[in-house]
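Report on the structure
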Amino acid sequence: MRNPVGGHVPVAGGLAKVGLGYARELGAETVQVFVANPRGWATPPGNPAEDERFRAECAAESISAWVHAPYLINFGSHTEATAEKSVESMRHSLRRGREIGAKGVVVHTGSATGGRPRAEALAQVRELLLPLLDELTHDDDPDLLLESTAGQGFSLCSRAEDFGPYFDVLDRHPKLGICLDTCHIFAAGHDLTGPHGAAQTLDQLVATVGEGRLKLIHANDSQDVVGARKDRHANIGVGHIGEDAFRNLLRHPATAGVPLIIETPGGTAGHLADVELLKKLRD
Ligand SMILES: [Zn+2]
């Protein structure tokens, strides 16, 4: 199929047992999971039996898996402790990603805190993140996927063109990719609506980072208007992005083969409806 559609699934109680159980309930063709508390720094070991079962069942059902790294990670932070913990947390998510057979690990691009200049923060991104990319030498290591933010505060990357300097400081590493969150990019001012909105945004992204770097899409509608810099996800078709934009997104060459993960509200009923609608828009 052109674009597998799935969602972020809960895993408390077992990656395979609970996570894939929920995925099946949604009719998900791809899944995203946390491998640590997303609001903490803990780096828990996995359960080898559960990892093995998760990998085997994903393979048997042709479900691609993705990991979302914790939200606290900020490679641009001026606080030494945060910078150090960000490295350990990211290294953990990448290792756990390989252990569960994930294709990519998504991390937020972070911000320049403490009033430090953007260039200084980006230099630190290079210093901290490039060694982690260089550690990805196994055949089954996941890609490291950068997810831009809605543009709050001193965000290092929110507009499509911001990925340019970020990719440059990381030497456009071959293991580097992008996770495009439709709500975030819309919040940052890229109007995805209208006959050309989605195509223009994707064209700009490809012009900035080159072909083949877009590996994953977080398909979320937005509760707020374009450019609002607010990260409030809505169910597909009921926010300010609207279902036509998603239909157009799914027609663009840059999204061919790229899985869609929903991170939307509404519990199981909301998730079921979103997965179903995205499949309909795709087909
Ligand atoms: Zn997202």
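Everything below is about the structure printed above this text.
Predicted model only: the values in this text are computed from it and were never measured.

**Some points on the coordination of the zinc ion**
For the zinc ion, every protein donor is listed as Glu 147 (OE), Asp 181 (OD), His 218 (ND1) and Glu 263 (OE), and the spread of their distances is 2.2 to 2.3 Å. Between the four donor atoms coordinating the zinc ion, the angles at the centre fall across 86 to 176°, so the site counts as irregular.

**Notes on the sheet that holds strand 10 (residues 260-262)**
Around the barrel, eight strands lie side by side as 1-2-3-4-5-6-7-10; this closed barrel has parallel pairing. Across the sheet, the axes of successive neighbouring strands diverge by a mean angle of 30°, strand direction being ignored. Examined bridge by bridge, strand 1 (residues 5-8) and strand 10 share three bridges and lie parallel to one another. Bridge pairing in strand 10 links Gly 6 to Ile 261.

**Concerning unusual backbone geometry**
Backbone geometry at Asp 171 places phi at a positive 55°, although glycine is not the residue there. Examined against the element boundaries, Asp 171 turns out to sit in the loop between helix 5 (163-169) and strand 6 (176-181). Asp 171 gets classed as partly exposed once you look at its relative accessible area, which sits at 47%. Despite not being glycine, Arg 229 has its phi angle at roughly 55°, a positive value. Relative to the elements of secondary structure, Arg 229 occurs in the loop between strand 8 (221-222) and strand 9 (233-234).

**Looking at the side chain of Thr 255**
Here Thr 255 lies in the loop between helix 8 (243-249) and strand 10. We classify Thr 255 as buried; its relative accessible area is 0%. A polar atom in the side chain of Thr 255 sits 2.9 Å from the backbone oxygen of His 252. Contact partners of Thr 255, with chain neighbours within four places excluded, come to Arg 2, Asn 3, Leu 202, Leu 214, Ile 217, Leu 249 and Leu 250.

**What to know about the nonpolar core**
Counting residues in hydrophobic clusters, the biggest one holds 74 residues, and the most contacted among them are Phe 75 and Met 90. Looking at this core element by element, the count peaks at eight residues for helix 4 (residues 118-134). Contacts of Phe 75, omitting those with residues within four sequence positions, involve Ser 86, Val 87, Met 90, Val 107, Ala 121, Gln 124, Val 125, Leu 128, Leu 129 and Leu 132. Core analysis: the next-biggest nonpolar cluster, separate from the first, contains six residues, Trp 66, Cys 179, Leu 216 and Ile 261 among them.

**Re the pattern of salt bridges**
A full pass over the atoms with the stated rule returns 22 salt bridges. One salt bridge connects Asp 244 with Arg 247, and the closest N-O pair in it is separated by 2.6 Å. Linking Asp 244 with Arg 247, this pair stays in helix 8, spanning three residues, or about one helical turn. We classify Arg 247 as partly exposed; its relative accessible area is 28%. The shortest N-O distance in the salt bridge between Asp 283 and Arg 282 comes to 2.8 Å. Taking the relative accessible area as the measure of exposure, Arg 282 reaches 12% and is therefore buried.

**Notes on helix 9 (residues 267-282)**
When the terminal C-alpha atoms of helix 9 are compared, their 23 Å separation across 16 residues agrees well with the 22 Å that a helix rising 1.5 Å per residue should span. For helix 9, the set of buried residues is Gly 270, His 271, Asp 274, Val 275, Leu 277, Leu 278, Leu 281 and Arg 282. In a view along the axis of helix 9, the buried residues occupy a sector of 165°, so they form one face of it. Seen from the open side of helix 9, the exposed residues pointing more than 90 degrees away from its buried face are Ala 269, Glu 276 and Lys 280. On its buried face, helix 9 is in contact with strand 1, helix 1 (15-26), strand 7 (214-219), helix 8 and strand 10.

Cut-offs and rules
Residues numbered from 1 in each chain as written. Predicted model: local features only at pLDDT ≥ 70, side-chain atom pairs only at ≥ 80, totals over all residues. Heavy atoms only, no water. Donors = N, O, S within 2.8 Å, 3.2 Å for Na, K, Ca; no water. Tetrahedral: all angles 85-135°; square planar, octahedral: opposite > 155°, others 65-115°. Pairing = 2+ DSSP bridges. Helix = DSSP H or I, 4+ residues; strand = E, 2+ residues; numbered from the N terminus. Axes fitted to C-alpha atoms, helices over the stretch in contact; angles between N-to-C directions. Buried < 20%, exposed > 50% of the residue type's maximum accessible area, 1.4 Å probe, protein only. Polar contact = N/O pair within 3.5 Å; in protein donor to acceptor, adjacent residues only side chain to side chain. Contact = heavy atoms within 4.5 Å. Core = buried A, V, L, I, M, F, W, Y, C linked by side-chain atoms within 4.5 Å. Salt bridge = Lys/Arg side-chain N within 4 Å of Asp/Glu carboxyl O. Expected span 1.5 Å × (residues − 1). Arc of directions from axis to C-beta.

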